[in-house]
Amino acid sequence: MPFIKKSFITDRLLANVPIEKYIGQFVNLKKSGSNYMCCCPFHHEKTPSCSITPSKQMFYCFGCKEHGNVIDFAMKYKNLSFVEAVEEVAAFAGIEVEYEKGAHQSKEAADKQKNYFDFMDRAASLFTSALNSAQGAEGLAYFKNQRGLSDKTIVEARLGYAPKNPRFLQESLCRSKEDEQILIDLGLLVKGEYGVHGMYRNRVMIPIFDKRGRVISFGGRTMGDDKPKYMNTKETPIYKKRNELFGLYETLKANNNRPARIVVVEGYMDVISVRQSGCNYAVASLGTATTVEQITEMFRYTDKVICCYDGDSAGRHAAWHALVTITPILQDDKEIRFSFLPVEHDPDSLVKEQGLSAFVSYLDNAITYPEFLIAHLSTEYNLSDPNGLALFVSETIKYISKIPVLALRSVALKLLSATSGIAENQLYDMLKKTLDGETSDANIFKDDIKPHDDQGNILNTPMRRLIAFICQQPTIVSTVFYEFKIESFVNLCSSLQIPGTNVLGYLIKLIGSKRDLTPSELIEYTRESEYDSIVRKLISAPLIITHQDGSDIPFNDRVDYFVQLLIEVISKPLKDKADELKIKMNQGDNEALAKYSLIQNKMQFRS
């Protein structure tokens, strides 16, 4: 959050935007008790599993586990940054955003960025106008006759043409030297030996959109065999090619932000051609090999990525690079597959000659990560030669050791066994020696909350259950704050060194300073802080404090449950401390007697 006031979000915005009204713009809501239900817009489902709770200003999907407040929904549904989401929700509510006084530089930077997007959009419109003019006839014929694109596809993709005139953009867009500098910054103009001129001349133009549908770059292609065949805009303040994917915006738009799968092809025209044929989930990297950032971005929206390449050696090399790239970021719930087309075809030519069904058939029969790993490495060695076989096994074991997903690692070993003829247990022993030693899962949450904790076992300690209750029911805690001496309770937990006390103390201090805190506001107070992950994990954990329709159980019952949680948190630590002091007393420690008496008094709280 670079320059928006946090108090504006927590005190004004969230308090005046009913989450059900905002979400109701995009999905059909059905009343369910005091809440609303809908089919989740973030994954495919036929039966509604997404609950919207007005009293908490929160949404939660029981299927895919997406959750949060109205700002989170805007970010996820419309692919917005945090600041953009706040501005979007404020615009919906008709509330003017309040910015920090000292944030003028950030606002100036944001305004400059908006100006960049405006110039790129205007440039795209100019190229489109040129394509449909007399001077663009050759470009239009190229798209229609050579590429077989329909008028509808040409319009939807905002295809264009850059005329031969090197000052085409300057004459149409530039009113000052400042405007000219903007186009230089954006890579549309270049400074050469003979002054400033257009980057693209006599080329058909393919605009590249970010995931919000804004033009951020262009690909310019010759209409013949001139070199270079493709020219791509340089990296700019709004375009980093390793982070972007051609066709991702259209894929998300066509699939409600949650495509069942995404296929990665090699070229812009491949994407446009298969999309015209009916495949609305194709993307392409932008003049580079597929990057970690691009794969990570795809896995934000889908659980399955298929890398589709030509069947020649170049295609297999590109596929191998993709496999090596993705290995460190493999996950249990994500799937990567590889599809190879016949040597004589690329996706564009295949759908033209054999139709979409043939292309989809190749995707449906794509091989898995471990299958491609073993198959590719097996072609690198002569397996009929004992020395070649040994090198193959040794090299493959090294790659398998890099796989972070244990299930995939086991499958790869099984396939290696079948290919090499060596028993699985022998290969496993070799793998154990290769590994430096299994490292335990790193905690991304403090206080012993691990990233792989599911919704069931995340509540397996009393402190976790207590913190989850506080996150979900801050009003209860606020109501009994002084009566229950909550701050003293935190101090007691600290003296007993109970894990999680630092998180508990932060939340209690926050509730003490803001007595009407809601779960929705709690998300904003902790966003991007060290407590963000913990709060998000526990705010949706399944405590038994609601009826089947999602409404809260009676107030008094929730208070009783809170008391029970407080007792559970300190019971065992108090007993352990008392036992420790007994041992010290028996050893003649005189101070232990006083401490033991104090502990006994505190243990009265339990009864």
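Note that this is a predicted model, so its numbers are computed, not measured. (Residues numbered from 1 in each chain as written. Predicted model: local features only at pLDDT ≥ 70, side-chain atom pairs only at ≥ 80, totals over all residues. Heavy atoms only, no water.)

This part takes up the overall build of the protein. Assigned secondary structure in the protein consists of 27 helices and 16 strands. Relative to its 607 residues, the protein shows a buried fraction of 48%. Relative to all contacts within the protein whose residues are 6 or more apart in sequence, the contacts with residues 24 or more apart total 66%. (Helix = DSSP H or I, 4+ residues; strand = E, 2+ residues; numbered from the N terminus. Buried < 20%, exposed > 50% of the residue type's maximum accessible area, 1.4 Å probe, protein only. Contact = heavy atoms within 4.5 Å.)

Pairing within the open sheet is antiparallel, and its 4 strands lie in the order E6-E9-E10-E11. On the outer flanks of this sheet lie strand E6 (160–162) and strand E11 (230–232), each paired with one strand and no other. Across the sheet, the mean angle separating the axes of adjacent strands is 35 degrees when strand polarity is ignored. Sheet topology note: the strand E10 (residues 215–221)/E11 ladder contains 3 bridges and is antiparallel. Note that in E11 the partner of Gly219 across the bridge is Asn232. Seen against the sheet, helix H6 (residues 137–146) touches E6, strand E9 (203–209) and E10 and runs at an angle of roughly 65 degrees to E9. The strands touched by helix H11 (residues 268–277) are E9, E10 and E11; relative to E9, the strand with the most contacts, the crossing angle is about 75 degrees. (Pairing = 2+ DSSP bridges. Axes fitted to C-alpha atoms, helices over the stretch in contact; angles between N-to-C directions.)

Below, the discussion takes up the pairing of strand E7 (residues 189–192). Taken together, the 4 bridges between E7 and strand E8 (residues 195–198) define a ladder with antiparallel strand orientation. Each residue of the ladder has a partner; that of Val190, found in E8, is His197. Connecting E7 to the next strand, E8, in antiparallel fashion are 2 residues.

Turning our attention to the environment of Leu363. When you line up the elements, Leu363 lands in helix H15 (residues 356–364). Each C-alpha atom, one on Leu363 and one on Phe338, is 8.1 Å from the other, the two residues being 25 residues apart in sequence. Dropping the residues within four chain positions of it, Leu363 is found in contact with Arg261, Val263, Tyr281, Ile306, Cys308 and Ser339.

Before going further, it helps to examine the packing of helix H1 (residues 6–16) against helix H24 (residues 519–526). Orientation of H1 relative to H24, taken along the N-to-C sense of each, is 170 degrees, at an axis distance of 10 Å. When the axes of H1 and H24 are compared, the pair comes out roughly antiparallel. Every pair of crossing elements has a handedness; the one defined by H1 and H24 is right-handed. Residues Lys6, Ile9, Thr10, Asp11 and Leu14 of H1 form the contact with H24, whose participating residues are Ser520, Glu521, Glu524 and Tyr525. Of the residues assigned to the contact of H1 with H24, the class counts are 3 nonpolar, 2 polar and 4 charged. (Parallel < 35°, antiparallel > 145°, perpendicular 65-115°, else oblique. Left-handed = near helix turned anticlockwise from the far one by under 90°. Nonpolar A, V, L, I, M, F, W, Y, C, P; charged D, E, K, R; others polar.)

On to the sheet that holds strand E12 (residues 262–265), then. Judged by pairing direction, the sheet is mixed, and its 5 strands sit side by side in the order E13-E12-E14-E15-E16 without closing on themselves. Looking at which strands have only one partner, the edges of the open sheet turn out to be strand E13 (282–284) and strand E16 (367–368). Both E12 and E13 contribute to a ladder of 3 bridges, which runs parallel. For Val264, the partnering residue across the bridge sits in E13 and is Val283. Running at roughly 170 degrees to E13, H11 makes contact with E12 and E13 of the sheet.

Moving on, we come to the packing of aromatic side chains. On inspection of all chains with the given rule, the structure shows 27 aromatic pairs. Taking the centre distance of 5.3 Å and the plane angle of 70 degrees together, the rings of Tyr22 and Phe26 count as edge-to-face. Exposure remark for Tyr22: the relative accessible area of 0% places this residue in the buried category. The exposure class assigned to Phe26 is partly exposed, which follows from its relative accessible area of 25%. Note on Phe59 and Phe73: the rings are 5.5 Å apart at their centroids and 90 degrees apart in plane angle, and the pair reads as edge-to-face. Of the two residues, Phe59 sits in strand E4 (residues 58–61) while Phe73 sits in helix H3 (residues 70–78), which places them 14 residues apart along the sequence. (Phe/Tyr/Trp six-rings, centres within 6.5 Å; stacked < 30°, edge-to-face > 60°.)

Formed by 62 residues in total, the largest nonpolar core has its most connected members in Leu159, Leu169, Leu188, Phe218, Phe246, Val263 and Phe359. Per element, the largest residue contribution to this core is 9 residues, and it comes from helix H5 (residues 104–131). When sequence neighbours within four positions are dropped, the list of residues in contact with Phe359 reads Val263, Val265, Val274, Cys279, Cys308, Leu341, Pro347, Leu350 and Val351. Among the nonpolar cores identified, the runner-up in size contains 46 residues, and Leu459, Phe469, Phe489 and Phe562 belong to it. (Core = buried A, V, L, I, M, F, W, Y, C linked by side-chain atoms within 4.5 Å.)

This part is about empty space enclosed by the protein. With the rule as written, the count across this model stands at 1 cavity of 30 Å³ or more. Empty space within the largest cavity amounts to approximately 60 Å³. Phe127, Ala162, Asn165, Pro166, Phe168, Leu169, Leu188, Gly198, Met199 and Tyr200 are the residues that line the largest cavity. Residues belonging to the lining of the largest cavity are distributed by class as follows: 8 nonpolar, 2 polar and no charged. (1 Å grid on protein atoms, 1.4 Å probe; cavity = no way out; pocket = protein on both sides within 12 Å on 5 of 7 lines; lining within 4 Å. Points joined across faces, edges and corners; volume = space filled by probe spheres on them.)

Moving on, we get to helix H18 (residues 406–420). If you check H18, its first and last C-alpha atoms are 21 Å apart, about what 15 residues at 1.5 Å a residue would give, namely 21 Å. Leu408, Arg409, Ala412, Leu413, Leu416, Ser417 and Ser420 are the residues of H18 that are buried. For H18, the elements touching its buried residues are helix H16 (369–378), helix H17 (386–401) and helix H19 (424–434). (Expected span 1.5 Å × (residues − 1).)

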